[in-house]
Amino acid sequence: MVSRPGTALWSIGIVIAVLFIALFVFIAYDIVSKGISPDAASKWLITQPFVVLGRDFWFAVGGVLWVIGTIVFFLEISGRTVSGFRIIRQELRWDAVDVSITALCAALYGGALAATGGIPIIPGFTWVRPGNALAPLFGILFGVPGALGVAIGNFIADALTGYLSIGSIGGFIEAS
Amino acid sequence: MNQYEILLISIGLAILIAGMVMAFIRVRGWLAALSVGGLWLFGMALYAIYKYSGFYSPTGGLAQSTIAPAMTTILGFLLFLVGVGIFVYVYRRIRR
């Protein structure tokens, strides 16, 4: 019997999901076994790429990604998008409904980030931020107005949580 | 105000003024530019209120000894409720 492509894709997806969960369990075990204090962070397996390659390397990687993200950001808000290997025009009305969607996404995302912004897993190192899950959701549901709303929401959340700085411009682009 | 704060306020003002100019010469997207500029400056206003109230910690983040964390949670929920309100408004408008 020949299996359908859908079944094969599901099988590959499940294998990847199981491997992903196993990786997270192993990382959690590694962190607990080496100590969960911020001082022990440099010994964890998950932090090794940052420890070995250094801050400058990751700043350079971040810089390149930021430039690409900025180009895509301005491309999208100017009414163009990438389809295949071509840049094509897309219809953006920017009427009252689109602007309302931008405002609602900004309020929901900014509010959710600020209200749920401080649930620490490892104090001083990492937090649970459930509000972040809304960013891709708004982008998928509402398109460019939703993405722009998320960017503004991120900016407002930075102000409310004490992290508004020159880096918030990068956060604005990255969030959208 | 330091140079970075001036830069951030300037960006918000520039987007707002660009929106006004676009509205004047009737270019599509003026409403979006106006709202983005307005919301950017709203974020800067929140920053100014927090800064001059002494809510920010010198090492970054909020000063835990003040009412800032509780206030941020309350403001966050209020902002979230405003978002839900706008969602209901937009949903009704689209259905009509």
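Residues numbered from 1 in each chain as written. Chains lettered and ligands numbered in written order. Predicted model: local features only at pLDDT ≥ 70, side-chain atom pairs only at ≥ 80, totals over all residues.

**Quick look at the interface of chain A and chain B**
Worth spelling out the cut-off: The contact criterion used here is simple: two residues whose C-beta atoms, placed from the backbone, lie within 7 Å are in contact. Here a helix means four or more residues in a row that DSSP labels H or I, a strand means two or more in a row labelled E, and each is numbered from the N terminus. Side-chain classes follow a simple rule in which Ala, Val, Leu, Ile, Met, Phe, Trp, Tyr, Cys and Pro form the nonpolar group, Asp, Glu, Lys and Arg form the charged group, and the remainder, Gly included, forms the polar group.
In this assembly, 30 residues from chain A lie in contact with 36 residues from chain B. Listing elements by their share of the side of chain A that touches chain B, those giving two or more residues are α3 (96-115) and α5 (144-161) of chain A. By residue number, the principal contributor to the side of chain A that touches chain B is α3(A), which donates 16 residues. In terms of residue class, the side of chain A that touches chain B is made up of 21 nonpolar, 8 polar and 1 charged.

**A closer look at the environment of B:Gly12**
Looking at the element boundaries, B:Gly12 is found in helix α1 (residues 3-24). C-alpha separation for the pair B:Gly12 and B:Gly61, spaced 49 residues apart in sequence, amounts to 23 Å.

**Some thoughts on the confidence of the model for chain A**
Under the convention used in this document: Note: pLDDT gives the predictor's confidence per residue, expressed from 0 to 100.
In the predicted model, chain A carries a mean pLDDT of 85, and the fraction of residues at 70 or more is 91%. When pLDDT is averaged over each helix and strand of chain A, the minimum, 64, is found for strand β3 (residues 119-122) of chain A and the maximum, 91, for α5(A).

**Side note on the domain arrangement of chain B**
Buried accessible area, meaning the area lost when the parts come together, often serves as the stated size of an interface. Stated formally: An automatic or database domain assignment supplies the residue ranges for each domain.
Entries for chain B in the domain assignment read domain 1 (1-52) and domain 2 (64-96). Each of domain 1 of chain B and domain 2 of chain B was reduced to a C-alpha centroid, and the two centroids are 21 Å apart.

**A word on helix α6 (residues 167-175) of chain A**
Three or four residues apart is the spacing at which side chains of an α-helix point the same way, because the helix has 3.6 residues per turn. All names here are of chain A. Going by this rule: Counting other C-beta atoms within 10 Å of its own, a residue is labelled buried from 20 upward, exposed at 12 or fewer, and partly exposed in the gap between, with every C-beta atom placed from the backbone. Throughout, the arc means that of the directions going from the helix axis to the C-beta atoms.
Buried within α6 we find Ser168, Phe172 and Ala175. Along the axis of α6, the buried residues cluster in a sector spanning 80°; they form a single face. Tucked into the core, α6 has its buried residues touching α4 (134-142) and α5.

**Thoughts on the packing of α4(A) against α5(A)**
The packing of two helices is summarised by the inter-axis angle and the distance between the axes. Residues and elements named next belong to chain A. Stated precisely, the cut-off is as follows: Under this scheme, a helix contributes an axis fitted over its contacting stretch, all axes are lines through C-alpha atoms, and angles between N-to-C directions fall in the 0 to 180 degree range. Orientation labels follow simple angle bins: below 35 degrees gives roughly parallel, above 145 gives roughly antiparallel, 65 to 115 gives roughly perpendicular, and whatever is left gives oblique.
One can describe the packing of α4 onto α5 by two numbers: an axis separation of 6 Å at closest approach and a directional angle of 155°. The angle between α4 and α5 falls in the class roughly antiparallel. For the pair α4 and α5, the contacting residues are Ala135, Phe138, Gly139, Leu141 and Phe142 in the first and Pro145, Gly146, Ala147, Gly149 and Val150 in the second. Considering only residue class, the contact of α4 with α5 consists of 7 nonpolar, 3 polar and no charged.

**So, the pairing of strand β2 (residues 86-89) of chain A**
Residue and element names in this part refer to chain A. Stated precisely, the cut-off is as follows: Only strands that DSSP links by at least two bridges are regarded as paired with each other.
Relative to β2, strand β1 (residues 80-83) runs antiparallel, the two being bridged by 4 bridges. When the bridges of β2 are listed, Thr81 appears paired with Ile88. Joining the antiparallel neighbours β1 and β2 is a turn of 2 residues, in which Gly84 adopts a positive phi near 65°.

**Some remarks on the environment of A:Leu53**
Mapping A:Leu53 onto the fold places it in helix α2 (residues 48-77). In this structure, the C-alpha to C-alpha distance between A:Leu53 and A:Ile36, residues 17 residues apart in sequence, is 22 Å.

**A short note on the nonpolar core**
Inclusion rule: By our criterion, buried Ala, Val, Leu, Ile, Met, Phe, Trp, Tyr and Cys residues that link up through C-beta atoms within 7 Å make up a nonpolar core.
Formed by 47 residues in total, the largest nonpolar core has its most connected members in A:Tyr109 and A:Ile152. Those elements giving two or more residues to this core turn out to be α3, α4, α5 and α6 of chain A together with α2 (30-52) and α3 (68-95) of chain B. Of all the elements, α3(A) adds the most residues to this core, at 13 residues. In this structure, this core is formed jointly by two domains, domain 1 (1-52) and domain 2 (64-96) of chain B, each of which donates at least three residues. Once residues lying within four places of it in the same chain are set aside, the contact partners of A:Tyr109 are A:Gly131, A:Leu134, A:Ala135, A:Phe138, A:Gly149, A:Val150, A:Gly153 and A:Asn154.

**Focus on α4(A)**
Residues and elements named next belong to chain A. Within α4, burial applies to Leu134, Ala135 and Phe138. Down the axis of α4, the buried side of the element spans an arc of 105°, and every buried residue falls inside it. Opposite its buried face, α4 presents the exposed residues Pro136 and Ile140, each directed more than 90 degrees away. Check the buried side of α4 and you find it contacts α3, α5 and α6.

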